[in-house]
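What follows is each chain in one-letter form.
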Protein chains: 2
Amino acid sequence: MSVRTALAFRSFTRSFTMAGARSASTKAFFANEPAQPAVKSQFPGPETVKATQELAKVWDTRAVNIMGDYPKSVGNYIVDVDGNTLLDVYAQIASIPVGYNNETLAKAAATPQMVNALINRPATGNFPSNDWAEILATGVLKVAPKGLNNVFTALSGSDANELAYKAAFMYRRMQDRGGPDVDFTQEEMDSAMKNQTPGAPQLAILSFKSAFHGRLFGSLSTTRSKPIHKLDFPAFDWPQASFPQLKYPLDQHAAENAAAEQASIDEVEQLIKSWHSPVCAVMVEPIQSEGGDNHASADFFRKLRAVTKKHNVLLIVDEVQTGIGATGKFWAHEHWDLQDPPDMVTFSKKAQTAGYYYTDALRPNKPYRQFNTWLGDPARCLVFRAIIEEIERLDLVNHTARVGDYLYAKLEALAAKYPEHFQNLRGKGQGTFIAFDSPKRDQFLVKAKTNGINIGGSGASAVRLRPMLTLQEHHCDILVEALEKTAKDL
Amino acid sequence: MSVRTALAFRSFTRSFTMAGARSASTKAFFANEPAQPAVKSQFPGPETVKATQELAKVWDTRAVNIMGDYPKSVGNYIVDVDGNTLLDVYAQIASIPVGYNNETLAKAAATPQMVNALINRPATGNFPSNDWAEILATGVLKVAPKGLNNVFTALSGSDANELAYKAAFMYRRMQDRGGPDVDFTQEEMDSAMKNQTPGAPQLAILSFKSAFHGRLFGSLSTTRSKPIHKLDFPAFDWPQASFPQLKYPLDQHAAENAAAEQASIDEVEQLIKSWHSPVCAVMVEPIQSEGGDNHASADFFRKLRAVTKKHNVLLIVDEVQTGIGATGKFWAHEHWDLQDPPDMVTFSKKAQTAGYYYTDALRPNKPYRQFNTWLGDPARCLVFRAIIEEIERLDLVNHTARVGDYLYAKLEALAAKYPEHFQNLRGKGQGTFIAFDSPKRDQFLVKAKTNGINIGGSGASAVRLRPMLTLQEHHCDILVEALEKTAKDL
């Protein structure tokens, strides 16, 4: 560590000790969690460099940020191989829900049922395990969104989204044919084998500009985040609508924002009516996450539900990043108070498994149409069950709503003090799913690490907070203080 | 159990006891494995019906075949909820490699390293775990096919295949541009975001008729197995070549078969030269598995390698079903003795994880082009490592080559005795990856179960054997006797 870094580190440690002291009244969820970050090296530290070089012999390490020492990480703190202890508000790209080395999860991971799921993995469609109904009922289905009683499990968010698209296409063609009992024609069967219409029809999914729905070929055709995600890959000719670009603070731009949302709804309707192939479903994130933390109002989503209903188009809500409590509701779309639920909701990340929930109407008319060898992973479904238990035990969804409000207020004060570094603060009332824009964003992220915070970006200039549901007020104090220091350092 | 079934069952048990006695000299891999099948109910049994009805409340059960009681299943025997004990030569659609409740796997599943992988799942591209290099080196990379030193891990065979296609497309476009250092144009970046050329180019993967490569949108565009897999889903306009349809016995149709293979190679070359979009890769299974167990000679594959090399087209070998020892080689393509290795090999199923192996040339020119949150699952990679250990400990690949020869000879004798039920016996010298056609195939599969055997089909009329690598000679005796009984029963 250079002298300059060492000095910076000392003053930083002192200030964090103070922050910790201020909120000592809060009881920590993790008894053995560090009291504060501890930065011991520059980044990347010498051990990180060494380990990354070793890994680079067999693995593409160009995107490596931190080489984690996970057995040593606790709760909201990630520890790296250099012994740096960082408050982690990025949480494995929003996918660690209840802290590192959570004891409830550790117990679930060491049960005979888990060992069975790991070593006797069934082809669940043909040979389900006799505990599968119980695993679903006490886990993934226990938290099913209102109105969606069925689930099809998958392995990743991208996988889940593609399965939802397949369900949408089957549903549309079933309606075209005149119902579930009308059989395929010979022409359809022959042409499907050649990837040609009518068996392999030209049908579309509509998504939004800046959306991210995954990187497999179908999901990538609906992803509109960054060129680097899409370049050189064939894609389906599907439509994209503008996502409203809200101006902040919201209360100062109410009319303008309402107009932007209405324009977006109008564009969706126009595309549904005019696109050269039938639009079977609209795919939308409650908050565009990879695309830069772009929000829209509950009113926008209610209108989106109405316009899709009007044109017999399915509405699929991609809750891969927003789901499982982070917005202060278990599912972010609960914020919308929809009268008619979405037709499908997809999930992954914090669930540690994946899949889509769906209405009875979307069950395929024949078996083996939605099918693959494993249909997900029961081991990962058991982890999700333990996550749900932990969320219930600690009431983490309501907790996150409260902590989010606390954090938002502190960030609002920070933004007032440093308006050049904290712009367009957003996510009020959305739990800890908070973001702001920072013109020197990439430097901000790097600098935050030297100040003890692991934090991520999204879109072109957003800093996005994706802490775990176990983030508490005293962590927020540490976080905000470090962000202030980061702004000062820039 | 009806009286008739009971009588049938008694005579069946007796005959199996005899079969067991004949090969008592073989030492069983599993000390606690049943000596023989035990059929206690008709199919589906009462407990299976009850459990399936329960599961049907929340899950599509129309494809359910057996409701497994996996904690009670041992080695090569699957036990269902009615207590039926079946010799399992289908093995969860070819995906259980070393037996149910294998002790080596159980030990690996109960380690602190496994618990860590399950509860602290990293976003491996950005925040790899410090044991990731070791997990790869001692596991998935230890069995890397010759010439392919890199791996990109994935979650399923379909996922792995799509990632390989993405690698192929990036490689082709990099060459078109003039090398890895030539940057994307603004036009490419803008058009990619609209799913349009040139950024989202019209490029193709060539696959074979009857091929199965998965069910996501890109992989499904190369799958040509059955209409039910493809109907109603948009697909890319990609070419398919005829796969040689060999006639059996091979030694009586040598010239004819060689001509069929040459015709197929010619068709591949013609399609590469004439298809309306550039063919970037040819995708092929060493043995078409879901498509009906269609084999081709090593000579065919050497010619395929030559014709792809000649036209600068990549060769991807889909070893999702053939890999991990079942053909008597660790990778089925080792049977071909290629001078130039394939450019990529994909794997899953018996590996219990997934991914593609690739040459150095296929590493993308920039980070984040081949990327997603998890990049596979370290927990499943640890299971694969234990599988590899078990394969090495028991020398299961060579074992499977030997047992396959033993089994093939017995089946050959059976086919001579019952030519109407055992047609086109194939897989000689391919370990236990053996199949035959049976005109009453679907009845055959059902009846085999009442005779104590869980066995699967593929294609229109094939009965395919997909036993575990732990299948031994005494199991083969039991199997062949039950198959004979099944033929007699039909």
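Model, not experiment: these values are computed from the prediction. (Residues numbered from 1 in each chain as written. Chains lettered and ligands numbered in written order. Predicted model: local features only at pLDDT ≥ 70, side-chain atom pairs only at ≥ 80, totals over all residues. Heavy atoms only, no water.)

Caption draft 1: Examining the overall build of chain A more closely. Regarding its fold elements, chain A presents 16 helices and 14 strands. Its C-alpha atoms give chain A principal-axis dimensions of about 75 × 60 × 45 Å. When burial is assessed residue by residue, chain A has 65% of its 490 residues classed as buried. If you take every contact in chain A between residues at least 6 apart in sequence, the share linking residues at least 24 apart comes to 73%. Each charge sign in chain A was given a centre, from 53 positive and 53 negative side chains, and these centres are 4 Å apart. (Helix = DSSP H or I, 4+ residues; strand = E, 2+ residues; numbered from the N terminus. Buried < 20%, exposed > 50% of the residue type's maximum accessible area, 1.4 Å probe, protein only. Contact = heavy atoms within 4.5 Å. Lys, Arg positive; Asp, Glu negative; His and termini not counted. Charge placed at Lys NZ, Arg CZ, Asp CG, Glu CD.)

Caption draft 2: How the structure looks around the packing of aromatic side chains. One pass over the full model with this rule turns up 55 aromatic pairs over all chains. For the ring pair F208 of chain B and F243 of chain B, a centre distance of 5.6 Å and an interplane angle of 85° mean the geometry is edge-to-face. Taken as a pair, F208 of chain B in strand β4 (residues 204-208) and F243 of chain B in the loop between β5 (240-241) and α11 (254-274) lie far apart in primary sequence, 35 residues in all. Ring geometry for W331 of chain B versus F347 of chain B: centroids 6.2 Å apart, planes at 65°, classification edge-to-face. Residue W331 of chain B is located in the loop between β7 (314-318) and β8 (344-347), and its partner F347 of chain B is located in strand β8; the two are separated by 16 residues in the primary sequence. On the accessibility criterion, W331 of chain B (1% relative accessible area) is buried. By the ring-pair criterion, three or more aromatic residues cluster together here, those being Y165, F169, F217, F233, F236 and W238 of chain A together with Y165, F169, F217, F233, F236 and W238 of chain B. In this arrangement the basic side chain of R121 of chain A is found over the ring face of W374 of chain A, its NZ or CZ atom lying 3.7 Å from the centre. (Phe/Tyr/Trp six-rings, centres within 6.5 Å; stacked < 30°, edge-to-face > 60°. Lys NZ or Arg CZ within 6 Å of the ring centre and 35° of its normal.)

Caption draft 3: Structural detail: the relation of the copies chain A and chain B. Rotating chain A by 180° and moving it 0.0 Å along the rotation axis overlays it on chain B with an RMSD of 0.0 Å. Taken together, the rotation angle and the small translation identify this as a two-fold axis. When you check the interface residues of chain A against chain B, 100% turn up at the interface there too, and the contact is symmetric in its surfaces. (Least-squares fit on C-alpha atoms with pLDDT ≥ 70 in both.)

Caption draft 4: Spotlight on the packing of helix α5 (residues 112-119) of chain B against helix α13 (residues 378-393) of chain B. Residues and elements named next belong to chain B. In contact at an axis separation of 8 Å, α5 and α13 are set at 150° when each is read in the N-to-C sense. When the axes of α5 and α13 are compared, the pair comes out roughly antiparallel. Across from Q113, M114, A117 and L118 in α5, the residues of α13 making contact are P378, A379, L382, V383 and R385. Split by residue class, the contact of α5 with α13 holds seven nonpolar, one polar and one charged. (Axes fitted to C-alpha atoms, helices over the stretch in contact; angles between N-to-C directions. Parallel < 35°, antiparallel > 145°, perpendicular 65-115°, else oblique. Nonpolar A, V, L, I, M, F, W, Y, C, P; charged D, E, K, R; others polar.)

Caption draft 5: Quick peek at the sheet that holds strand β7 (residues 314-318) of chain A. All names here are of chain A. With respect to topology, seven strands assemble into an open sheet ordered β3-β9-β8-β7-β6-β4-β5, the strand pairing being mixed. Each of the sheet's edge strands pairs with one partner strand only, and the pair in question is β3 (150-154) and β5 (240-241). Alignment of strand β6 (residues 279-284) against β7, held across four bridges, turns out to be parallel. Residue pairing for β7: A281 is matched across the bridge by L314. (Pairing = 2+ DSSP bridges.)

Caption draft 6: Main features of the environment of K226 of chain A. Inspection of the secondary structure assignment puts K226 of chain A in the loop between α9 (217-220) and α10 (227-230). For K226 of chain A, a relative accessible area of 33% gives the class partly exposed. In this structure, the C-alpha to C-alpha distance between K226 of chain A and S210 of chain A, residues 16 residues apart in sequence, is 7.6 Å. Look past the residues within four positions of K226 of chain A in its chain and what remains in contact with it is G459 of chain A together with M193 of chain B.

Caption draft 7: Structural detail: the interface of chain A and chain B. In this complex, chain A contributes 116 residues to the contact, which on the side of chain B involves 116 residues. Summed over the three residues of chain A that lose the most area to chain B, namely W59, F127 and D232 of chain A, the buried surface amounts to 8% of that side. Linking chain A with chain B are eight salt bridges, by the criterion used here. Where R173 of chain B meets D232 of chain A, a salt bridge forms, and the shortest distance between an N and an O atom there is 3.8 Å. At eight residues, helix α7 (residues 157-177) of chain A tops the list of elements feeding residues into the side of chain A that touches chain B. Along the lines of polarity and charge, the residues of the side of chain A that touches chain B split into 64 nonpolar, 30 polar and 22 charged. (Buried area = accessible area lost by both parts, 1.4 Å probe. Salt bridge = Lys/Arg side-chain N within 4 Å of Asp/Glu carboxyl O.)

Caption draft 8: Layout of α5 of chain B. Most of α5 of chain B sits out of view: six of its eight residues are buried. Listed in full, the buried residues belonging to α5 of chain B are M114, V115, N116, A117, L118 and I119 of chain B. Buried residues along α5 of chain B sit against α4 (103-109), α5 (112-119) and α13 (378-393) of chain A together with α4 (103-109) and α13 of chain B.

Caption draft 9: Summary view of the domain arrangement of chain A. Residue and element names in this part refer to chain A. Considered domain by domain, chain A is made up of domain 1 (40-67), domain 2 (108-393) and domain 3 (401-428). Once you take the C-alpha centre of each, domain 2 and domain 3 turn out to be 31 Å apart. If you look at the interface, domain 2 gives five residues, while domain 3 gives five residues. Taken together, both faces of the contact between domain 2 and domain 3 bury some 410 Å²; the carbon and sulfur share is 60%. (Domains from an automatic or database assignment.)

Caption draft 10: Structural view of the nonpolar core. In this structure, L304 and Y357 of chain A together with L304 and Y357 of chain B are the most contacted members of the largest nonpolar core, which totals 192 residues. Setting aside anything within four residues of it in sequence, one finds L304 of chain A in contact with F208, I265, V268, V282, V284 and L315 of chain A. (Core = buried A, V, L, I, M, F, W, Y, C linked by side-chain atoms within 4.5 Å.)

Caption draft 11: Seen up close, the confidence of the model for chain A. Looking at chain A, the pLDDT average stands at 94 and 95% of residues meet or exceed 70. Of the regions scoring below 50 in pLDDT, residues 1-25 of chain A engages in 27 contacts with residues more than four places distant in sequence or in other chains. (pLDDT = per-residue confidence, 0-100.)

Caption draft 12: Highlighting the pattern of salt bridges. Under the definition given, this model contains 54 salt bridges over all chains. R441 of chain B is the partner of D442 of chain B in a salt bridge, and the nearest nitrogen-oxygen pair spans 2.7 Å. Salt bridges linked by common partners bring R173, D176, R177, E188 and R369 of chain A together with D232 of chain B together as one network.

Caption draft 13: Seen up close, unusual backbone geometry. Residue and element names in this part refer to chain A. In this model, T197 is joined to P198 through a cis peptide bond whose omega is 0°. Residue position: P198 is located in the loop between α8 (186-193) and β4 (204-208). Following Y248, the chain continues into P249 via a peptide bond in cis, with omega recorded as -5°. The topology assignment puts P249 in the loop between β5 and α11 (254-274). For K349, which is not a glycine, the phi torsion comes out positive at approximately 40°. Its relative accessible area of 7% is what places K349 among the buried residues.

Caption draft 14: Structural context of the sheet that holds strand β6 (residues 279-284) of chain B. Sheet architecture is open: seven strands sit in the order β3-β9-β8-β7-β6-β4-β5 (chain B), paired in mixed fashion. Looking at strand neighbours, the two that pair on one side only are β3 (150-154) and β5 of chain B, the edges of this open sheet.

Caption draft 15: Just the pairing of β7 of chain A, in detail. Residues and elements named next belong to chain A. With five of five residues buried, β7 is to be regarded as a mostly interior element. The two faces of β7 match: L314, I316 and D318 on one face and L315 and V317 on the other face are all buried. The parallel pair β6 and β7 is bridged by helix α12 (residues 298-310), and the resulting crossover is right-handed. Across three bridges, β7 lies against strand β8 (residues 344-347) in parallel orientation. By the bridge assignment, D318 is partnered in β8 with T346. (Right-handed = clockwise from strand over helix to strand, strands pointing away.)

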